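Take a look at the letters that make up each chain.
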Amino acid sequence: MSPIPRVSRPATRWRLVVPVQRAERAKTRLVAPEGVGKVALARAIAADTLDAVCRALTPGDVVVVTSDRAGAALAAGLGARVVDDPGGGLNAAVAAGLEAAERSRTGGLGVLLGDLPCLQPADLVTALEACARHERAVVPDADGTGTVLLTSVGGVPEPRFGAGSAARHAATAALLELDLPRLRRDVDTTADLGDAVRLGIGPRTTAALGAEGSPRPPA
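Nothing here was measured: the structure is a model prediction, and the numbers come from that model.

*Asks:* I'd love a proper account of the nonpolar core, names of residues and values included.
*Replies:* As a rule of thumb, nonpolar side chains are buried together in soluble globular proteins. With 33 residues, the main nonpolar core has Leu112, Leu149 and Leu183 as its most contacted residues. Broken down by secondary-structure element, the contributors of at least two residues to this core are strand E1 (14-20), helix H1 (38-56), strand E2 (62-66), helix H2 (69-78), helix H4 (121-131), strand E5 (136-140) and strand E6 (147-152). Setting aside residues no more than four positions away along its own chain, Leu112 makes contact with Leu16, Val17, Val18, Pro19, Thr49, Val53, Leu119, Leu124, Val148, Leu149 and Leu183. Within the second largest apolar cluster, 17 residues are counted, among which are Val83, Val94, Val111 and Val138.

The structure is reproduced here in structure tokens:
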């Protein structure tokens, strides 16, 4: 395996949980562009996310929770730890990852969603440096309602993901509306994907979308 190019890591050591849904069940609200397979697209988005995370942090400090074989193989190839998704939804998956990460935790502990195809390592480092200044912190998605990053430097984050999760997390954490559009652009819908393309998507997502690297609006 080729060495992974990295950026300067955060001053605080972070262990980060990244849940990756099984590709066949992912992105139910996303209409894939014509000629693009949704399963391949979901896996490409997750792959670009994981690649960026493993360049920002020590890969062994990244815990990937998934039941997707391709996603697990990719994560292991990058050097991340893989935990089997126990089923029961996103919060159950995150809880399983946090349990595994906490056993050897030093520094901060966090959760990052696995559908951020624009993510660059430097964006994640910047966000984690901001989060380190708060005992608990939450970074909302581009719409301001969901959560892309949840952290704690004083215990284990309490996952409350789902619709409107940013407000639930902010009840016990600092809400950080950081000027990091590539970090905050998760992809759930075709409109989200269009925004992501305009911001600049990773190479695997670009390849999945074809030579043009641009989604076409649904008919």
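So much for the structure itself; the text now carries on.
*Asks:* So what's going on with the pattern of salt bridges? Which residues, and what values?
*Replies:* A complete count under the given rule lists 12 salt bridges for this structure. A salt bridge links Arg182 to Asp123, with the shortest nitrogen-to-oxygen separation between them at 2.9 Å. A residue pair is termed long-range when its members are at least 10 positions apart, and Arg182 in helix H6 (residues 181-184) and Asp123 in helix H4 qualify at 59 residues. Accessibility expressed as a relative area gives 33% for Arg182, which makes it partly exposed. As a salt-bridge pair, Asp195 and Arg185 come within 3.4 Å of each other at their nearest N and O atoms. A residue pair is termed long-range when its members are at least 10 positions apart, and Asp195 in helix H7 (residues 190-199) and Arg185 in the loop between H6 and H7 qualify at 10 residues. What makes Arg185 buried here is its relative accessible area of 4%. Connected through shared salt-bridge partners, Asp143, Arg185, Asp186, Asp192, Asp195 and Arg198 make up one network.

*Asks:* Just give me the short version of the pairing of E2, but keep the residues and values in it.
*Replies:* Burial analysis of E2 places five of its five residues in the buried class, the great majority of the element. Residues Val62, Val64 and Thr66 point to one face of E2 and Val63 and Val65 to the other, with burial holding for every one of them. Pairing of E1 with E2 involves five bridges; the strand directions are parallel. Its bridge partner being in E2, Val18 is matched across the sheet by Val64. With four bridges connecting them, E2 and strand E3 (residues 81-84) associate as parallel partners. Across the sheet, the residue bridging to Thr66 is Asp84, located in E3. Regarding the hand of the β-α-β motif, the stretch spanning E2, H2 and E3 is right-handed.

*Asks:* Which residues make up the packing of H1 against H2, and what are the values?
*Replies:* For the pair H1 and H2, interaxial distance at closest approach is 10 Å and the crossing angle is 20°. Taken together, the axis directions place H1 and H2 in an arrangement best described as roughly parallel. Handedness of the crossing formed by H1 with H2: right-handed. On the side of H1, the interface is formed by Arg43, Ala47, Leu50, Asp51 and Cys54, while H2 contributes Ala70, Gly71, Leu74, Ala75 and Leu78. Class assignment for the residues of the contact of H1 with H2 results in seven nonpolar, one polar and two charged.

*Asks:* How would you sum up the environment of Ala208? Please name residues and give values.
*Replies:* Looking at the element boundaries, Ala208 is found in helix H8 (residues 203-209). For the pair Ala208 and Val39, spaced 169 residues apart in sequence, the C-alpha separation works out to 9.9 Å. Beyond its immediate chain neighbours, meaning those up to four positions away, Ala208 contacts Val36, Ala40, Leu41 and Ala44.

*Asks:* Describe the sheet that holds strand E7 (residues 174-175), naming the residues involved and giving the relevant values.
*Replies:* Strand order in the open sheet formed by seven strands is E3-E2-E1-E4-E6-E5-E7, with mixed pairing between adjacent strands. Each edge of the open sheet carries a strand with a single partner, namely E3 and E7. As defined by bridge partners, E5 adjoins E6 across five bridges and the pair is classed as antiparallel. Its bridge partner being in E6, Val138 is matched across the sheet by Leu150.

Analysis parameters
- Residues numbered from 1 in each chain as written.
- Predicted model: local features only at pLDDT ≥ 70, side-chain atom pairs only at ≥ 80, totals over all residues.
- Heavy atoms only, no water.
- Core = buried A, V, L, I, M, F, W, Y, C linked by side-chain atoms within 4.5 Å.
- Buried < 20%, exposed > 50% of the residue type's maximum accessible area, 1.4 Å probe, protein only.
- Helix = DSSP H or I, 4+ residues; strand = E, 2+ residues; numbered from the N terminus.
- Contact = heavy atoms within 4.5 Å.
- Salt bridge = Lys/Arg side-chain N within 4 Å of Asp/Glu carboxyl O.
- Pairing = 2+ DSSP bridges.
- Right-handed = clockwise from strand over helix to strand, strands pointing away.
- Axes fitted to C-alpha atoms, helices over the stretch in contact; angles between N-to-C directions.
- Parallel < 35°, antiparallel > 145°, perpendicular 65-115°, else oblique.
- Left-handed = near helix turned anticlockwise from the far one by under 90°.
- Nonpolar A, V, L, I, M, F, W, Y, C, P; charged D, E, K, R; others polar.

Purely spatial values, then, with no claim about function.
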